[in-house]
Amino acid sequence: MATTACFIIVSRNDIPIYEAEVGSATKREDVAQLHQFILHAALDIVQDLAWTTSAMFLKAIDRFNDLVVSVYVTAGHTRLMLLHDSRNDDGIKSFFQEVHELYIKILLNPLYLPGSRITSSQFDTKVRALARKYL
Amino acid sequence: MIGVGKIKQYSNVLDKPLSKGKQEVSLSAFAFLFSELVQYNQTQVDNIAELERRLEDAGYAVGARVLELLCHRDKGNRRETRLLGILSFVHSTVWKVLFGKVADSLEKGTEHEDEYMISEKELLVNRFISIPKDMGTFNCGAFVAGIVRGVLDSAGFPAVVTAHFVPMEGQQRPRTTILIKFAEEVLRREARLG
């Protein structure tokens, strides 16, 4: 498992709807804030890149020192973003695809308002399990 | 009760596998539910435009979800980034899943560059509906227009979508045309992508 990894889901209106620190390194608040800052800074690049390809997985699009930002854009322009220090493209791709499927299941719930925060604790548990499995 | 005893119970939606989309729904059950949707909304409004807007909003929520589901299930995780691509996606893939057939026609408007039309001889939602004279140009296809707008808007192609009756020669019932007028930014982006 990667030592550092931060995963967020950003809605199409640029609002973070899910955040998780999934690395095995000890949690520090200032580091978590730095991770979010790097991820948000990468959003502009995603916006331009998203229209140049029809693939959902955009691979590594930005880096900060030894940290890499990988992004997955869904059909509805919800962005799954992962900040990581490992070099495991296949694992990251599988991770994104499985989280994407979980996200669709959340979205299909008529009581979930698209673009609102994902508060389901089962979702959180499953995402963390996937992170342990693939990253 | 339909389906009782056949469906495996799951404690939450995340454990349940995504539907393969092969099930069909009884037309009369759908027509009854849709009729209730129209009737309920009619009690909540005091003019036709407001009623159309409410039906459209109901459709929008369907469209936004359908896009995400179908791109994953039927298109193998490919997004649509081009105008014609997303239009044919609506015309064939979406129509087939929702109504069991592809739409009768997809045309480009002759007068304006930014207008496209999807026409259907007998739109499923209008099959058991006739509009009273005093309701003017009201069309329950507003619900379908909303679905189309939901798909387009979520995919990043904002548009104004409206449903109209168009009389046809030699036919008793008019056909329904879904008119799509794309926002300026969409056409600018299309020109840039070349």
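Residues numbered from 1 in each chain as written. Chains lettered and ligands numbered in written order. Predicted model: local features only at pLDDT ≥ 70, side-chain atom pairs only at ≥ 80, totals over all residues. Heavy atoms only, no water.

Looking at an unreviewed UniProt entry, chain B carries the name Trafficking protein particle complex subunit, with the source organism given as Castanea mollissima. Looking at chain B in UniProt, the text filed under Subunit (unreviewed entry) is "Part of the multisubunit TRAPP (transport protein particle) complex." UniProt's Sequence similarities (unreviewed entry) comment on chain B is quoted here verbatim: "Belongs to the TRAPP small subunits family. BET3 subfamily." (UniProt positions renumbered as here; feature names shortened; annotations may be inferred.)

Let's shift gears to the environment of Asn77(B). Along the polypeptide, Asn77(B) turns up in the loop between α2 (48-73) and α3 (83-99). On the basis of relative accessibility, which here comes to 14%, the residue Asn77(B) falls in the buried class. Sequence separation between Asn77(B) and Gly170(B) is 93 residues; the distance between their C-alpha atoms is 44 Å. Those residues within four positions of Asn77(B) in sequence are excluded, and the remaining contacts are Ser54(A), Met56(A), Tyr72(A), Gln97(A), His100(A), Cys71(B) and His72(B). Reaching out from Asn77(B), the side chain makes a polar contact with the side chain of Tyr72(A) at a distance of 3.5 Å. Only 3.0 Å separates the side chain of Asn77(B) from the side chain of His72(B), close enough to count as a polar contact. (Helix = DSSP H or I, 4+ residues; strand = E, 2+ residues; numbered from the N terminus. Buried < 20%, exposed > 50% of the residue type's maximum accessible area, 1.4 Å probe, protein only. Contact = heavy atoms within 4.5 Å. Polar contact = N/O pair within 3.5 Å; in protein donor to acceptor, adjacent residues only side chain to side chain.)

In this section: the sheet that holds strand β3 (residues 159-166) of chain B. Two strands in a sheet stick together by hydrogen bonds in their backbones, pointing the same way (parallel) or opposite ways (antiparallel). All names here are of chain B. In space, the four strands of this open sheet follow the order β1-β2-β4-β3, with antiparallel pairing throughout. With partners counted over all chains shown, the strands left at the sheet margins are β1 (105-108) and β3, one partner each. Taking the axes of each pair of neighbouring strands and ignoring which way they run, one obtains an average angle of 20° across the sheet. Helix-sheet contacts for helix α4 (residues 142-154) involve β3 and β4 (175-182), and the interaxial angle to β3 is about 155°. (Pairing = 2+ DSSP bridges. Axes fitted to C-alpha atoms, helices over the stretch in contact; angles between N-to-C directions.)

The volume enclosed by the largest pocket comes to roughly 2,100 Å³. The wall of the largest pocket is formed by 46 residues, among which Ser19(B), Gly21(B), Gln23(B), Val25(B) and Val97(B) lie closest to the centre. Put simply, the parts of the chain that give the lining of the largest pocket at least two residues each are α3 (89-108) of chain A together with α1 (27-44), α2, α3 and α4 of chain B. Approximately 520 Å³ is the volume found for the second largest pocket. Along the wall of the second largest pocket there are 21 residues; nearest its centre are Gln47(A), Trp51(A), His77(A), Glu185(B) and Arg189(B). (1 Å grid on protein atoms, 1.4 Å probe; cavity = no way out; pocket = protein on both sides within 12 Å on 5 of 7 lines; lining within 4 Å. Points joined across faces, edges and corners; volume = space filled by probe spheres on them.)

With that settled, consider the sheet that holds strand β3 (residues 57-64) of chain A. Residue and element names in this part refer to chain A. Strand order in the open sheet made by the five strands is β2-β1-β5-β4-β3, with antiparallel pairing throughout. Taken across any chain shown, the strands that pair with only one partner, and hence form the sheet edges, are β2 (16-21) and β3. Strand after strand, the sheet turns through a mean of 15° between neighbouring axes, direction not considered. Two strands pair when backbone bridges link them, and β3 and strand β4 (residues 67-73) are joined in this way by five bridges, in the antiparallel orientation. Residue pairing in the sheet places aspartate 62 in a bridge with valine 69 of β4. Against the sheet, helix α1 (residues 29-41) makes contact with β1 (5-10), β2, β3, β4 and β5 (79-84), and its axis sits at roughly 130° relative to β5, the strand it touches most.

Core analysis: the largest hydrophobic core is formed by 73 residues, its most contacted members being Phe7(A), Phe95(A), Phe123(A), Trp95(B), Leu152(B), Ile180(B) and Phe182(B). Sequence-distant contacts of Trp95(B), defined by excluding residues within four places in its chain, comprise Val90(B), Gly100(B), Lys101(B), Val102(B), Ala103(B), Ile118(B), Glu120(B), Leu123(B), Val144(B), Val148(B) and Ile178(B). Membership of the second largest hydrophobic core comes to 17 residues, among which are Cys6(A), Ile38(A), Ala42(A) and Val71(A). (Core = buried A, V, L, I, M, F, W, Y, C linked by side-chain atoms within 4.5 Å.)

Oppositely charged side chains may form a pair once their charged atoms are brought near each other. If you walk through the whole model with that rule in mind, you get 18 salt bridges over all chains. Close ionic contact of Arg79(A) with Asp14(A) constitutes a salt bridge, the shortest N to O distance being 2.9 Å. Of this pair, Arg79(A) sits in strand β5 while Asp14(A) sits in the loop between β1 and β2, and the two are 65 residues apart along the sequence. Taking the relative accessible area as the measure of exposure, Arg79(A) reaches 9% and is therefore buried. Of the charged contacts, one joins Glu50(B) and Arg53(B) as a salt bridge, the two residues approaching to 3.4 Å between their closest N and O atoms. Here Arg53(B) and Glu50(B) lie together in helix α2, a separation of three residues that amounts to about one turn. Three or more residues joined by partner-sharing salt bridges are found here, namely Glu50(B), Arg53(B), Glu56(B), Asp57(B) and Arg149(B). (Salt bridge = Lys/Arg side-chain N within 4 Å of Asp/Glu carboxyl O.)

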